[in-house]
Amino acid sequence: MVKKIIFSGIQPTGNLHIGNYLGAVKNWVELQNNGEYQCYFCIVDYHSLTGDMKAGERHDQIIRTAAELLAAGVDPEKSVFYVQSHVPEHTELAWVFNTVTPISELERMTQFKDKSERQTKNINAGLFTYPVLQAADILLYHANIVPVGVDQFQHVELTRDIARWFNKRYGDYFPEAKALLTEIPKVMSLLEPTKKMSKSLGAGHVIELADELTVIEKKLKKAVTASEGGAKAPGVENLLLLLKQFGEEKVYKQFVQAEKDCSIRYGDLKNEVSNAVGNYFVGFRTRRAELLIDHNQIADILARGAKRACEVARSTMEDVRRLVGIR
Ligand code: ADP
């Protein structure tokens, strides 16, 4: 049986948070364990250069992100798990794709608009063209399925367009990639629940998978709940969704009912969510700590993954060079 191919990546820009987990990583692990797919999971370090992280922090952060993904269930025996910059074909293919992508299409990307508003002192060209590198990440492995959060949906659509533009000009070669969303494709910030939970908003906005129960409690105490004017509060909706995912169904249903009949106590809801999230990731925190004892072991796992990725990437680039007439 020919397996469908899955690709997804994550930037090594900080600890994983429950938005990354519920929007993407949980799905990665389920798809990987389902056995029907060949999965490629990549730490996209070149993408992270578009942000403001200092060079001295990057290498350790790559190892920490790898440890967290392993602790969350990514299995390097089942999936190809590696670092983007270890496979130079990613940036090579991105260059070719740059030459078939109209600038006007990149100007439509809402992520670019968002990020350039937040990162006003560093609006670099990489921030503008990173969706093209993302298309190369995906298509290098002929991936059909891309499990991501909803914020990445537009980029996967662009990937589909880039494949079409390439195929039209050089012959039918790249497949059609589709985004695969989870039940909760967008987890909201604790402090500004109309925005997506993101590490770039600041520590108080996110719950990290590595957070101890006491830290989670503190963050949730400050979480915004009621909204003005009696509208359905997005902060409460968000906490209920977290309870649904991490807590017991019975308790979740009680709180949904309490919200409907206006007897809900936000302090109680926050306590339940704290306990549910804290307990859910106990095993994760233990595995993470164990893995981080030996950075070399993690580096070995990533090197083995890169070797496997390189075999496919090299063959794709050979085809691409031939198709565009370079070789
Ligand atoms: P961040 O947005 O925190 O910088 P990344 O860009 O590295 O994180 O995203 C990694 C994956 O996590 C992507 O698939 C992205 O769609 C998903 N993701 C990030 N934040 C959220 C969120 N708040 N809700 C759901 N999915 C998310």
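Residues numbered from 1 in each chain as written. Predicted model: local features only at pLDDT ≥ 70, side-chain atom pairs only at ≥ 80, totals over all residues. Heavy atoms only, no water.

A. The arrangement of the overall build of the protein chain in detail. Within the protein chain, the secondary structure is distributed over 14 helices and five strands. Its C-alpha radius of gyration of 21 Å places the protein chain within 12% of the 20 Å reference for a compact globule of 327 residues. Taking the principal axes of the C-alpha coordinates as reference, the protein chain spans close to 70 × 45 × 45 Å. A buried classification covers 51% of the 327 residues belonging to the protein chain. Taking the contacts inside the protein chain whose residues are at least 6 apart along the sequence as the reference set, 76% of them involve residues at least 24 apart. Summed over all atoms, the accessible surface of the protein chain reaches about 15700 Å², with 50% contributed by carbon and sulfur. Treating the 42 positive side-chain charges of the protein chain as one cloud and the 41 negative ones as another, the clouds have centres 1 Å apart. (Helix = DSSP H or I, 4+ residues; strand = E, 2+ residues; numbered from the N terminus. Rg over C-alpha atoms; globule rule 2.2 N^0.38 Å. Buried < 20%, exposed > 50% of the residue type's maximum accessible area, 1.4 Å probe, protein only. Contact = heavy atoms within 4.5 Å. Areas by Shrake-Rupley, 256 points an atom, 1.4 Å probe, with all protein chains shown as cover. Lys, Arg positive; Asp, Glu negative; His and termini not counted. Charge placed at Lys NZ, Arg CZ, Asp CG, Glu CD.)

B. View of the domain arrangement of the protein chain. One can read the domain layout of the protein chain as domain 1 (4-186 + 295-324) and domain 2 (199-284). Spacing between the C-alpha centres of domain 1 and domain 2 amounts to 30 Å. Between domain 1 and domain 2, the contact holds 17 residues from the first and 16 residues from the second. Put simply, Glu183 and Lys244 hold a salt bridge, and the shortest N to O gap is 3.1 Å. Run the count over domain 1 and domain 2 and you get eight residue pairs in polar contact (both at pLDDT 80 or more). (Domains from an automatic or database assignment. Salt bridge = Lys/Arg side-chain N within 4 Å of Asp/Glu carboxyl O. Polar contact = N/O pair within 3.5 Å; in protein donor to acceptor, adjacent residues only side chain to side chain.)

C. Quick peek at the environment of Tyr82. Among the structural elements, Tyr82 can be located in strand 3 (residues 80-83). On the basis of relative accessibility, which here comes to 0%, the residue Tyr82 falls in the buried class. Apart from residues no more than four positions distant in its own chain, Tyr82 is found in contact with Phe7, Tyr40, Phe41, Cys42, Ile43, Val87, His90, Tyr141, Leu302, Gly305, Ala306 and Ala309. In this structure the side chain of Tyr82 is engaged in a polar contact, spanning 3.1 Å, whose partner is the side chain of His90.

D. Fine view of helix 13 (residues 282-291). All of the buried residues in helix 13 are Phe284, Arg285, Arg288 and Leu291. An end-on view of helix 13 places all buried positions within 130° of arc, on one side of the element. Contacts from the buried residues of helix 13 go to helix 3 (55-72), helix 9 (213-221), helix 12 (266-280) and helix 14 (295-324). (Arc of directions from axis to C-beta.)

E. Inspection of the pattern of salt bridges at higher detail. Applying the stated criterion to the full structure yields 13 salt bridges. With a closest N to O distance of 2.7 Å, Asp211 and Lys219 form a salt bridge. For the pair formed by Asp211 and Lys219, the shared burial category is buried.

F. How the structure looks around the nonpolar core. Formed by 60 residues in total, the largest nonpolar core has its most connected members in Ile18, Leu69, Phe81, Phe246 and Leu269. Per element, the largest residue contribution to this core is eight residues, and it comes from helix 3. (Core = buried A, V, L, I, M, F, W, Y, C linked by side-chain atoms within 4.5 Å.)

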